[in-house]
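Here's the letter readout for the chains.
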Amino acid sequence: MQDRRSFINLFVRGSFLTGLAFLSGALILRKKEGEFCGLDFGCNRCDKSESCNLPEASLYRETVWQLDPAKCIQCGRCATSCVMTPSAVKCTHVYAMCGYCDLCGGYLKPDTKNISTAAENQLCPTNAIKRKFVEEPFFEYEIDEALCIGCGKCVKGCSAFGNGSLQLQVRHNRCQNCNQCSIARVCPSDAYSRVPASKPYLLKGIEQDSTTAPKINLGEKGV
Amino acid sequence: MKTLRLLIFLVLLSTIQTSTYAIQRFPKPEFESGYTQPQTLMPHGRAEILSYLDVAVLIIALTFISWVIIRKRSRNWVFWTSMFSLAYFGFYREGCVCAIGSIQNVSLALFDSSYVIPVTVIAFFILPLVYTLLFGRTFCAGVCPFGAMQDLVAFRPQKLGTRLNAILGIIPYLYLGLAILYAATGTDFIICRYDPFVGIFRLNASFGMFFFAGTLLVSGIFIARPYCRFLCPYGVLLNWFSRFSRQHMTITPAHCIQCRLCENSCPYDAIEIPLTEKNPENRKTRVKKLIIIIFLLPLLTFTGGWTASLLHTSLAGVHSKVKLARQVLHPVKDEKQAETFEIQAYKSSGKPEAQVYQEALVVLERFKTGSWWVGSFMGLVFGLLIAGKMLKKYDPDYVPNKGRCFSCAKCVDYCPVKPEKN
Amino acid sequence: MEYFKPSAKLVGLLNRIALSAGLFAFVICLLILVNYYQLKRSDPLNSPALKVLVEKMRSNPDDEQVKLEIRELDLLARKAFFTNRWQIRTGGYLLIFSILIIVICLKTIELIKPKIPETPGSVTATFWSERLLNRKWITYTGISLVLVSVVFAYLTHDQLGDQLERVTGKTAGKSSNQVTMDLAGSTDENPAKVTTVESSIKTDSAIVNLDGYPSQQELNSNFPYFRGPFSTGLTFQKNIPTSWDGKSGKNIKWKTAVPLPGYNSPVVWNDKVFLAGANASKKEVVCFDVATGKILWETPIEKIPGSPAQSPKVNAETGLAAPTCATDGRRVYAIFANGDLAALDFTGKVSWSKNLGLPKNHYGHSSSLITYHDLLIVQYDQSGDANVMAFNGKTGQRVWETSRDVKVSWSSPILVNTGKRVELILVAEPNMVAYAPATGKELWRIDCISGEVGPSAAYSDGIAFSVNEYSKLAAVQVGDTPKVLWESDEFMSDIPSPVASANYLFLATSYGTMICYDAKSGNKYWEKDFGTPIFASPMIADGKVFALDKKGIMHIFRIDKTYTSISDPPLGESSVCTPAFADGRIFIRGDKNLYCIGK
């Protein structure tokens, strides 16, 4: 009786172990049969990067969440839906794209009469944008990350009236890299996806970053 | 607006030079005052190498706790190991990556071949299962930060009674089924979303989740480890694997002397008390009932599948594509409310209506198949649970139930038997 | 008793500490709740009072008093917001701290208090009766779960699936009508004769979105251009057969006679293969069904305004239809030796067409087309007035045009992704030039080639390769400051283009020698003389090199440091066209027939 029981136990244990081995093997090694990877576009968007043997591919294995500013419609949910308070999504200023406008659509309310830093003119609800005079007629705008709540109001203004140099981005010093991003779930425009941890930011408009930024396709809605 | 237009004009006049970037409304100014443009700061997240450290810590912790439980047999050591895990996997790693959540990554990877599953996540899924197959649920005892947290507050554990245990014990199976369904269809990771403790680890969560966590912890004072016993989907797998484990923690280090001192020591009702009574039903009736149940299994499986398939539209309703299709199909007629953001985004994307519907239909179809599977699984679980309640392995000694026991070693302290000296 | 006294005192103390910590935690908890409720109830950042003031200011923009009020209120609101958040955060820490104290106290009590096992009660013989009850209860739970589910399903059933199915059926029909109507409008000017239009194709094309452009994945899974999805000779196809025989019909799925001659190669999109053909009197685009080889439609390209009446004089080896078509999954584009450029939708109707002017090209124009996003890119290197231009694929509008100071050439553009950006690389005497495909802006150039350039560039891993007869083979590191990494003048090609894998460069010469170089260093690994001229460009697919010689024999060999032949299957017909690979099949245009090879 005891022998039979221990034999069954052994058998089941063995099959469980084999099953686990097969499962992990399948998950790790799948798609590895291809000896060839067309490096051209391959390393950037190829879905084989997980199994790719090329050194570049190792950079694309770990992923983090990022939102694509090209798809973002500034609905304001990033500010409220993140597991972190304040949100890990904040406005990022791409200086290289900025026009240094005096009349900044991201800084000032649309119908502002006098261009000044007075509270009634400011678009940002938390006064997180610092306006600094550079030279006539240019002004530098700097985001104070401690104050920014990621509401995207300035982003909306800048993309509507300016160059779109203010962009919402997941700031990885704050992001918890949750297994499933809670903002991605509610994002109306599917702007969130997992991107390679080695290239964690998706900026729009610089060179052709938004079109060629390395992005692993991770299926629907990047889940 | 006038000023703005004037400005555009002026700027265009002043710098008729094409910028190196994409065409922009306002070209980048040429500064004369020697102003240097600041760098856009883009901080990186946690270094990738550290995720391998996590796996290393997991292996070390699992090996250590297994040694503590099987060889050292000390409740104190188990406690301090679990405190370490609570500190590392809980408060330092903030509950992520965890073995419980990895179920979803694995199922998504199995069903969506384009999903890239990190090797570390596979390790977090596989390793605890392998150790459980070898040593029992030592993972639950000393590595899982959730277990450690709940163990910490279990001050006045009460016996729940077999009936409540049996009924509440069904929940994890349902949770597991739904979690796999939602992960495999790429809808959501519900285990992570309704993870009560991760908010505590991060000191940051929505009010609802804090409330859930608080309730669980307060009830955890009286009902030991409520999450582990009545919710944890990974526990289902560990339960199955532990039943066939090679070694398992024993209450007594040598021979049970039937002193009954450990009888009430287990806060999880996981000690099998030796049977002193005879089964009132005779053998013939028992065999007959068992055969009936086994023959009923296909019917139960079918009933479960059918019932769940009725719900597939409701289940799929939370999928973003289905949500969008529903909104496009039935636009909100409320005068006050403007278009939802989803509709706005959909309109600006220029996607044809037919495609939205087509995609939603594909999702619905997947949910239909998926819910059949989940329902069938639940039907099977019910059948097997009932069948399991008919069988009893006879043991003359006090032994832990290998499936339910968390190997926490609390009972070990109650045993007066000294280990035999070799 | 003596032994227990100090610990009893300690236990009492610890109990009291725990109790007060508990009370403290309770108070903190309440405070946090209140705070949280406040923040939720009246978000200071969206205060209605502030909004009222702003409205007031709008109607009366010069009221300094209102402005002052706004400033004060705004400051107050922001202060309230950040203080509130600070309070919640600090409260959280205090709560955790007090709970920690409670836990430590209670754990210590547990430790000091001696463990006295409860005296077990009398053994009750209820095991089996309880088991019976458990079974019953599980059954009840199951039944009620089923009942609740059924009731819930009945209550929430909104037939979304049925509705969607109905609507998709309807909308598909509607949009198909629209498509045909639009096309009917355009056919007034271009009375394209559509010979065969299957009804099934109609519905297919209705679902295809005619706007936008294909994703890279779609491109990769098809064969949209000459030499594959980047026009570099690389494909992502799998399960490509390596043995067939055109004579015996082994692994030949079908073979269909091509109506008009042409040296362009097939391109494939999902279920359709496209070819162009022309003779002195007629030019046309032909679409074949991938599954059966049946000609789905053949559309003549004619009556294009500005098109020269006489077909140009061309070399017989080039022909009037040398450039390969390109497709973006919405339309197929074709260009002919007389400068006629046409876009056709997948039902064979001409979407738009135009003449680019008779190219001054003494052998005949042969640069193939390529698309980038929604742009159709045309390399038009005629003598004296070479340029490259891009048209909107949907409308045919010219989006950009960049003039090129190069001699006439017969090479085709390639698209490469350098990791930083996508570059459009063109070769012609005297240089290799990269353009930004979206704008046509020149990115860099390097002098590395001369003569009447026929072969297109190859590319791999940051290195582009150019080669031409009586010139040299050059490996150019691409980027803003390009440089020649290595050169060789031992072997050169004048017709087939080279192809590069991650580490190797394969060069085929028109006299039939295949040479393998180390792509990074230029080391020659091997050369192999096939003894038959090679006009078709070698391709890399499924991890192997496929080189078709003029007799129709496909030389299949490994990507390796040594020449390892895999097989040499014959087509049974001579061919000079580059094969296309899609979905486990190979499409080869022979002299007379189009072959589909598949397992």
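Residues numbered from 1 in each chain as written. Chains lettered and ligands numbered in written order. Predicted model: local features only at pLDDT ≥ 70, side-chain atom pairs only at ≥ 80, totals over all residues. Heavy atoms only, no water.

Below, the discussion takes up the overall build of chain B. Looking only at helices and strands, chain B features 19 helices and two strands. Within chain B, the fraction of its 422 residues that count as buried is 54%. Partitioning the contacts of chain B with sequence separation of at least 6, the portion at a separation of at least 24 is 81%. Split by element, the accessible area of chain B, about 20100 Å² in all, is 66% carbon and sulfur. (Helix = DSSP H or I, 4+ residues; strand = E, 2+ residues; numbered from the N terminus. Buried < 20%, exposed > 50% of the residue type's maximum accessible area, 1.4 Å probe, protein only. Contact = heavy atoms within 4.5 Å. Areas by Shrake-Rupley, 256 points an atom, 1.4 Å probe, with all protein chains shown as cover.)

Here we take up the side chain of Asp289(C). Residues and elements named next belong to chain C. You can see Asp289 is positioned in strand β4 (residues 283-289). Comment: no salt bridge for buried Asp289; closest opposite-charge side chain is Lys294, at 6.5 Å. Setting aside anything within four residues of it in sequence, one finds Asp289 in contact with Trp254, Asp271, Lys294 and Leu296. (Lys, Arg positive; Asp, Glu negative; His and termini not counted. Salt bridge = Lys/Arg side-chain N within 4 Å of Asp/Glu carboxyl O.)

Side chains of Phe207(B), Phe211(B), Phe26(C), Val27(C), Leu30(C), Leu31(C) and Leu33(C) sit close together on the surface and give an oily, nonpolar patch of about 700 Å² of accessible area. For the nonpolar patch, the elements supplying multiple residues, two or more each, are α12 (207-222) of chain B together with α1 (5-41) of chain C. In terms of residue count, the dominant contributor to the nonpolar patch is α1(C) (five residues). One can find Leu31(C) in helix α1. According to the relative accessible area criterion, Leu31(C) is exposed, its value standing at 53%. (Patch = residues over 30% accessible without salt bridge, like charges linked within 9 Å, V, L, I, M, F, W, Y side chains within 5 Å.)

Glancing now at the confidence of the model for chain B. Residue and element names in this part refer to chain B. On average, chain B scores 86 in pLDDT, and the residues at 70 or more come to 92%. Looking across chain B, the model is least confident in helix α1 (residues 2-14), with a mean pLDDT of 40, and most confident in helix α9 (residues 171-184), with 96. Low pLDDT (under 50) marks residues 1-22, which in the prediction has 21 contacts with non-local residues, meaning those over four places away or in another chain. (pLDDT = per-residue confidence, 0-100.)

What follows covers the packing of aromatic side chains. In this structure the tally under the stated criterion is 54 aromatic pairs over all chains. Note on Phe127(C) and Trp128(C): the rings are 5.1 Å apart at their centroids and 90° apart in plane angle, and the pair reads as edge-to-face. The class for Phe127(C) is partly exposed, based on a relative accessible area of 23%. Residue placement shows Lys72(B) over the ring face of Trp77(B); its charged tip is 4.6 Å from the ring centre. Just above the ring of Phe406(B) sits the side chain of Arg225(B); from NZ or CZ to the centre is 4.8 Å. (Phe/Tyr/Trp six-rings, centres within 6.5 Å; stacked < 30°, edge-to-face > 60°. Lys NZ or Arg CZ within 6 Å of the ring centre and 35° of its normal.)

Residues and elements named next belong to chain C. Tracing the backbone through its elements, the reader meets Glu284 in strand β4. Judged by its relative accessible area of 1%, Glu284 falls in the buried class. Each C-alpha atom of the pair Glu284 and Pro300 lies 4.1 Å from the other, and the pair is 16 residues apart in sequence. With residues up to four places along the chain from it excluded, the contact list for Glu284 reads Pro259, Leu260, Leu275, Ala276, Gly277, Glu298, Thr299, Pro300, Ile301 and Phe336.

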